[in-house]
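What follows is each chain in one-letter form.
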Amino acid sequence: GQQLNQSPQSMFIQEGEDVSMNCTSSSIFNTWLWYKQDPGEGPVLLIALYKAGELTSNGRLTAQFGITRKDSFLNISASIPSDVGIYFCAGQLSNNNDMRFGAGTRLTVKP
Amino acid sequence: EAQVTQNPRYLITVTGKKLTVTCSQNMNHEYMSWYRQDPGLGLRQIYYSMNVEVTDKGDVPEGYKVSRKEKRNFPLILESPSPNQTSLYFCASSLFGGAYEQYFGPGTRLTVT
């Protein structure tokens, strides 16, 4: 099935640095979602984007729905140790109701 | 407390022995879904259900069955498990559809030997 290409696979940053990750696809998506997964738990929604070009913030997190509807990025500003985890992008394809997830970006924040 | 529960949390079984992983939500959500998570592949959708008695295949439905006889429950059935179904499984639910916020269960780690 159509997959989302998420990059980078992993990031090692210093506390206080900004972080950027993105997802791209050859398919058009109606919705882009960003989730965070902590060890041993299920993913938790961070930001949902419903319109092409939409830019949405949630505290230190900002995400954008690409104008082509084929990509999205997530930025985290001034990272803190509790930002550690795996971040997933997800999208709902434009022609059906099923969801696609990226492979995840594993973030490590060094104090 | 609003939640999605899965049982069992851990399961080790042998090839060919039928098993069922239960999923239940108490939020009156219409949409429920099953995913498997494998290293380097993220989450892949197995099946989803838009409402009672309505189920559809996701990205990787082969070897799995589901049923939605009640709104709150969405069991995942492996009729004849194989080692390539060893994975971490998540059930999720949302109010209307996958594009809305999905609440995930705690996961079921399945090992098929």
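Everything below is about the structure printed above this text.
Let us look at the structure shown here. (Residues numbered from 1 in each chain as written. Chains lettered and ligands numbered in written order. Predicted model: local features only at pLDDT ≥ 70, side-chain atom pairs only at ≥ 80, totals over all residues. Heavy atoms only, no water.)

Regarding the interface of chain B and chain A
Which entries qualify depends on this criterion: Whether two residues touch is decided by their heavy atoms; if any such pair falls within 4.5 Å, the residues are in contact. The term buried area means the drop in 1.4 Å probe accessible area that two parts suffer when joined, counted for both and summed. For this document, the term salt bridge refers to a Lys or Arg side-chain nitrogen within 4 Å of an Asp or Glu carboxyl oxygen. Side-chain atoms alone can form a polar contact between residues adjacent in sequence; in general such a contact is a pair of N or O atoms within 3.5 Å, and within protein one must be able to donate a hydrogen while the other accepts it.
Residue-level contacts link 23 residues of chain B with 21 residues of chain A. Contact between chain B and chain A buries roughly 1,700 Å² in total, counting both sides, with carbon and sulfur atoms accounting for 53%. Summed over the shared surface of chain B and chain A, the number is 1 salt bridge. For A:Arg100, the salt bridge goes to B:Asp59, with nearest N and O atoms at 3.5 Å. Summed over the shared surface of chain B and chain A, the number is 4 residue pairs in polar contact (both at pLDDT 80 or more).

Digging into the pattern of salt bridges
Short version of the rule: A run of H or I in DSSP counts as a helix once it spans at least four residues, and a run of E counts as a strand once it spans at least two, with each numbered from the N terminus. Burial status follows relative accessibility: with a 1.4 Å probe on protein chains alone, a residue under 20% of its type maximum counts as buried, one over 50% as exposed, and anything between as partly exposed.
Within the structure shown, the criterion is met by 7 salt bridges over all chains. For A:Asp83, the salt bridge identified is with A:Arg60, shortest N-O distance 2.8 Å. Taken as a pair, A:Asp83 in the loop between strand E8 (71-76) and strand E9 (85-93) and A:Arg60 in the loop between strand E6 (55-58) and strand E7 (61-65) lie far apart in primary sequence, 23 residues in all. Taking relative accessible area as the criterion, A:Asp83 reaches 6% and is therefore assigned buried. Residues B:Glu79 and B:Lys18 are paired through a salt bridge, measuring 3.9 Å at the closest nitrogen-oxygen approach. Here B:Lys18 lies in the loop between strand E2 (10-13) and strand E3 (19-25) and B:Glu79 lies in the loop between strand E8 (76-78) and strand E9 (87-94), a separation of 61 residues in the sequence. When its relative accessible area of 52% is taken as the criterion, B:Lys18 is described as exposed. Salt bridges sharing common partners tie together B:Lys18, B:Lys65 and B:Glu79.

Topic: the nonpolar core
Stated formally: We call a set of buried Ala, Val, Leu, Ile, Met, Phe, Trp, Tyr and Cys residues a nonpolar core when their side-chain atoms join them within 4.5 Å.
Membership of the largest hydrophobic core comes to 22 residues, with the highest contact counts inside it found for A:Trp32, A:Trp34, A:Leu74 and A:Leu107. Broken down by secondary-structure element, the contributors of at least two residues to this core are strand E2 (10-14), strand E3 (19-24), strand E4 (29-37), strand E5 (44-49), E7, E8, E9 and strand E11 (105-110) of chain A. Residues B:Val4, B:Leu19, B:Met32 and B:Leu76 belong to the second largest nonpolar core, which totals 19 residues.

Concerning the state of the cysteines
In a disulfide, the sulfur atoms of two cysteines are held together by a covalent bond. Basically, it comes down to this: Note that a disulfide, as used here, is simply two cysteine sulfur atoms within 2.5 Å.
Applying the stated criterion to the full structure yields 2 disulfides over all chains. There is a disulfide in this structure between A:Cys23 and A:Cys89, and the S-S distance comes to 1.7 Å. Because the sign of the S-S torsion sets the handedness, a value of about -80 degrees for the bond joining A:Cys23 and A:Cys89 places this disulfide among the left-handed ones. Pair noted here: A:Cys23 is in strand E3 and A:Cys89 is in strand E9, with a separation of 66 residues, a long-range link. Judged by its relative accessible area of 0%, A:Cys23 is buried. Covalently, B:Cys23 is tied to B:Cys91 through a disulfide, its sulfur atoms 1.8 Å apart. The sign of the S-S torsion, about -70 degrees, decides the handedness of the disulfide formed by B:Cys23 and B:Cys91: left-handed.

Some thoughts on the layout of surface pockets
It is the rolling of a water-molecule-sized probe over the atoms that shows where space remains empty. Let me state the cut-off plainly: Cavities and pockets were defined on a 1 Å grid built over protein atoms only: a cavity is a set of grid points that admits a 1.4 Å probe from which the probe cannot escape, a pocket is an open set flanked by protein on both sides within 12 Å along at least five of seven lines, and lining residues are those with an atom within 4 Å of any such point. Grid points are joined across faces, edges and corners, and a volume is the space filled by probe spheres set on the points. Under the scheme applied here, ten amino acids are nonpolar (Ala, Val, Leu, Ile, Met, Phe, Trp, Tyr, Cys and Pro), four are charged (Asp, Glu, Lys and Arg), and all others, including Gly, are polar.
Here the largest pocket is characterised by a volume of approximately 670 Å³. Taken together, 31 residues line the largest pocket, and the ones lying closest to its centre are A:Gln37, A:Ile86, A:Arg106, B:Gln37 and B:Leu88. Its residues assigned to classes, the lining of the largest pocket comprises 12 nonpolar, 13 polar and 6 charged. Reported here for the second largest pocket is a volume of approximately 170 Å³. Lining the second largest pocket we find 15 residues, and of these A:Gly42, A:Pro43, A:Val44, B:Tyr103 and B:Phe104 sit closest to its centre. Of all the secondary structure elements, the ones that give two or more residues to the lining of the second largest pocket are E5 of chain A together with strand E10 (103-104) of chain B.

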